[in-house]
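Chain residues, written in single-letter form:
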Amino acid sequence: MKFTEEHEWLREEDGEMVVGITIHAAEQLGDVVFVELPDEGITVSKDDDVVVIESVKAASDILAPVDGEITEVNSALTDNPSMVNDDPQGEAWFFKMKISDPSQMDEFMDEAGYKKFIG
Amino acid sequence: MDDLLQTPLYDLHVRLGAKMVPFAGYSMPVQYPLGVMKEHLHCRTHAGLFDVSHMGQVILSGASWDAVARAFETLVPTDVLGLEEGRQRYGFFTNDAGGIEDDLMFARRGDDLFVVVNAACKGADVARMKAALEPDVTVTEITDRALIALQGPEAAAIVASMDAAAAKMKFMDLRNLELNGVTVWATRSGYTGEDGFELSVQKDQVETLAEALLAQDAVEAIGLGARDSLRLEAGLCLYGHDIDAVTTPIEGALNWAIQKVRRTGGDRAGGFPGADVILSQLSNGAARKRVGLLPEGRAPMREGVVLFDAAEGGTEVGVVTSGGFGPSVGGPVAMGYVGTDSAVIGTALWGDVRGKRLPLSVAKLPFVAANFKR
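So, a few notes on the structure that sits alongside this text. The model shown is predicted, which means the values in this text are computed figures rather than measured ones.

Notes on the overall build of chain A
And step 1. Check the secondary structure of chain A and you find 4 helices and 9 strands.
And step 2. Walking chain A from its N terminus toward its C terminus, one meets helices and strands in the order β-β-β-α-β-β-β-β-β-α-α-β-α.
And step 3. For chain A, the C-alpha atoms occupy an extent of roughly 35 × 35 × 25 Å along the three principal directions.
And step 4. Here chain A holds 119 residues, and the buried ones make up 47% of them.
And step 5. The contacts of chain A with a sequence gap of at least 6 include a subset with a gap of at least 24, amounting to 59%.
And step 6. Working note: accessible area of chain A is about 5,700 Å², and carbon and sulfur atoms make up 42% of it.
And step 7. Separation of charge centres in chain A, based on 8 positive and 29 negative side chains, amounts to 7 Å.

Here we look at the overall build of chain B
And step 1. Secondary structure summary: chain B contains 8 helices and 19 strands in total.
And step 2. A compact globule built from 374 residues should have a C-alpha radius of gyration of about 21 Å, and chain B, at 21 Å, falls within 12% of that.
And step 3. If one aligns the C-alpha atoms of chain B with their principal axes, the spans along those axes are about 65 × 50 × 45 Å.
And step 4. For chain B, buried positions account for 56% of its 374 residues.
And step 5. Residue pairs in contact within chain B that sit at least 24 positions apart in sequence constitute 64% of those at least 6 positions apart.

A few points about the pairing of strand β6 (residues 100-109) of chain B
Residue and element names in this part refer to chain B.
And step 1. Within β6, 8 of the 10 residues are buried, leaving the element largely enclosed by the surrounding structure.
And step 2. Where strand β5 (residues 88-94) meets β6, 7 bridges bridge the pair, whose relative direction is antiparallel. Residue pairing across strands places Q88 opposite A107, the latter belonging to β6.
And step 3. Between the end of β5 and the start of β6, which pair antiparallel, lie 5 residues, with G98 showing a positive phi angle near 90°.
And step 4. Pairing geometry for β6 and strand β7 (residues 112-117), over 6 bridges, is antiparallel. Of the residues in β7, the one forming a bridge with M105 is V116.
And step 5. The turn linking β6 back onto β7 is made up of 2 residues, and G110 within it adopts a positive phi angle of 65°.

Examining the sheet that holds strand β10 (residues 174-179) of chain B
Residues and elements named next belong to chain B.
And step 1. Pairing is mixed in the open sheet, where 6 strands are placed in the order β10-β11-β12-β9-β3-β13. Here the strands that pair on one side only, and so sit at the sheet edges, are β10 and β13 (219-221). Going from strand to strand, the sheet's axes swing by 30° on average, the running direction of each strand aside.
And step 2. Note: strand β9 (residues 145-151) against strand β12 (residues 196-202), 7 bridges, orientation antiparallel. Residue pairing across strands places A149 opposite E198, the latter belonging to β12.

Observations regarding unusual backbone geometry
Residues and elements named next belong to chain B.
And step 1. Each neighbour pair has its own omega, and for E134 with P135 the value is 5°, a cis peptide bond.
And step 2. Within the fold, P135 resides in the loop between α4 (122-133) and β8 (138-141).
And step 3. The residue after L365, namely P366, is reached through a cis peptide bond having omega -5°.
And step 4. Its location among the elements puts P366 in the segment after β19 (356-363).

A closer look at the packing of aromatic side chains
The way to describe two aromatic rings as a pair is by their centre distance and the angle between their planes.
Residue and element names in this part refer to chain B.
And step 1. Under the defined criterion, the tally for this structure stands at 8 aromatic pairs over all chains.
And step 2. Ring centres of F72 and F93 lie 5.9 Å apart, and the angle between their planes is 75°; on these two criteria the pair is classed as edge-to-face. You can see F72 sitting in helix α3 (residues 65-72) and its partner F93 sitting in strand β5, a full 21 residues away along the chain. The pair formed by F72 and F93 is uniform in burial state, with each residue classed as buried.
And step 3. Pairing F114 with W185 gives two aromatic rings, centres 5.1 Å apart and planes at 85°, and the pair type is edge-to-face.

Details of helix α2 (residues 36-45) of chain B
Since the α-helix turns once every 3.6 residues, residues separated by three or four places project in the same direction.
And step 1. Burial analysis of α2 of chain B places 7 of its 10 residues in the buried class, which makes it a mostly covered element.
And step 2. Every buried residue belonging to α2 of chain B is among V36, M37, E39, H40, H42, C43 and R44 of chain B, and all of these are buried.

Some points on the environment of R263 of chain B
Residue and element names in this part refer to chain B.
And step 1. As for its position among the elements, R263 is in the loop between α7 (224-233) and α8 (275-284).
And step 2. By relative accessible area, R263 is classed as partly exposed at 26%.
And step 3. Each C-alpha atom, one on R263 and one on P77, is 8.3 Å from the other, the two residues being 186 residues apart in sequence.
And step 4. In this structure, R263 is in contact with N255, W256, I258, A269, L279 and L282, ignoring residues within four places of it in sequence.
And step 5. In terms of polar contacts, R263 uses its side chain to reach the backbone carbonyl oxygen of N255, at 2.8 Å.

Looking at the pairing of β7 of chain B
Residue and element names in this part refer to chain B.
And step 1. Most of β7 sits out of view: 5 of its 6 residues are buried.
And step 2. Bridge analysis of strand β4 (residues 56-61) against β7 gives 5 bridges, and the strand direction is antiparallel. In the strand pairing of β7, G56 is matched with V117.

Here's the deal with the sheet that holds strand β3 (residues 16-21) of chain A
Residue and element names in this part refer to chain A.
And step 1. Taken together, 6 strands build an open sheet; the order of strands is β1-β2-β3-β9-β8-β5 and the sheet is antiparallel. Each edge of the open sheet is held by one strand with a lone partner, namely β1 (2-3) and β5 (43-44).
And step 2. One ladder, built from 6 bridges, connects strand β2 (residues 8-13) with β3; its direction is antiparallel. What sits directly across from W9, in β3, is G20.

Definitions and cut-offs
- Residues numbered from 1 in each chain as written.
- Chains lettered and ligands numbered in written order.
- Predicted model: local features only at pLDDT ≥ 70, side-chain atom pairs only at ≥ 80, totals over all residues.
- Heavy atoms only, no water.
- Helix = DSSP H or I, 4+ residues; strand = E, 2+ residues; numbered from the N terminus.
- Buried < 20%, exposed > 50% of the residue type's maximum accessible area, 1.4 Å probe, protein only.
- Contact = heavy atoms within 4.5 Å.
- Areas by Shrake-Rupley, 256 points an atom, 1.4 Å probe, with all protein chains shown as cover.
- Lys, Arg positive; Asp, Glu negative; His and termini not counted.
- Charge placed at Lys NZ, Arg CZ, Asp CG, Glu CD.
- Rg over C-alpha atoms; globule rule 2.2 N^0.38 Å.
- Pairing = 2+ DSSP bridges.
- Axes fitted to C-alpha atoms, helices over the stretch in contact; angles between N-to-C directions.
- Phe/Tyr/Trp six-rings, centres within 6.5 Å; stacked < 30°, edge-to-face > 60°.
- Polar contact = N/O pair within 3.5 Å; in protein donor to acceptor, adjacent residues only side chain to side chain.

Structure (structure tokens):
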């Protein structure tokens, strides 16, 4: 699993990248009450806003971590947004991506690096 | 961050694991480890303790109650003179254009008036009162007392277990109570829509009292996050958002807080800043009005969302001034201003959320029935 400075995680699965937010990010957001997912099949560029996530406190955007195509979204989150608090690094993944440029992954941190990053 | 003020309960908040944020110049707890959602629901079902020591507490005193009350009436469109001993009322300072400079609670304490104002406005409020009322009335900001609130359906039993006299208090009563050996000025009021008390207590005694209340199984500490969702569900205005200096009390749907005696034809009609505008709007109506807004979907509609009368095209008819998720409602709730034509309950509107028009309807306030001890 790789981690970004935007508090997202990426996990390779069957040649695709599964993307979600970290436990730390979910704790910071607080109780999640609404998730808006992108359309499947769209092409995105790194840092595009792709997911809107709203907690009781505020709305936040989740950015595309790399260039690529959104192949699948986790529609269970729409009906049950609190999954993001319950299991952010497991069940509550946001979307899967086919990535265009694997070298964009090079800058991401491993788990030890991320732990150090969040202090 | 270094110049943020701290309330006397700062160390307690930190000890409880609160997330502290800057608010109105103070470092305040936005939430505790329980989290906003559970804090909110706990307060609605049991009891919640709030630190509201950042708010301003002011005593007005003069030659007699009559003198103090008549003087204060020159600043607010409220019936002050008619207030009985030990009773509290909601009011607001107005400006010459009829706008609201701050909203406040005031109570009669013997011949004095005990006023509680918003933290962000307290400097201006004290200056306004001093400029307008001194030397006949003495305006004293109380800086040696903290203010805490215990709110929720179990609040009354807890306070009454410490001083039985609390059980006799009704909504908006004020009296001294002895809680845990500490004398407090208690009012049976709050900002949640629940029954409960606000307790003004000497700063050096507040931590002991707060800990005694928190030691009760039914009591959890509640932060500003849940305070906001509780008051929003209760349909209560947040100054600077739902009402402000360019919003009149009539636009704000606060007509109920202007008693008959201060209205046209009343014994003490007018005589407050902006009376011409406010009394005229009371008779003729205002062009816009604060209403409850209930989004149909799950997406919260927050402050600033623009409202339209059609799903596409149409006319802009208003704006959201407070909005978010209502934990007790189990969905998004909001308040805002719409043109009077759109202010009828049930009117279908659309809010522009991130470029998409999402449906909502004008709804009755409060969203959650008030649970006061009348």
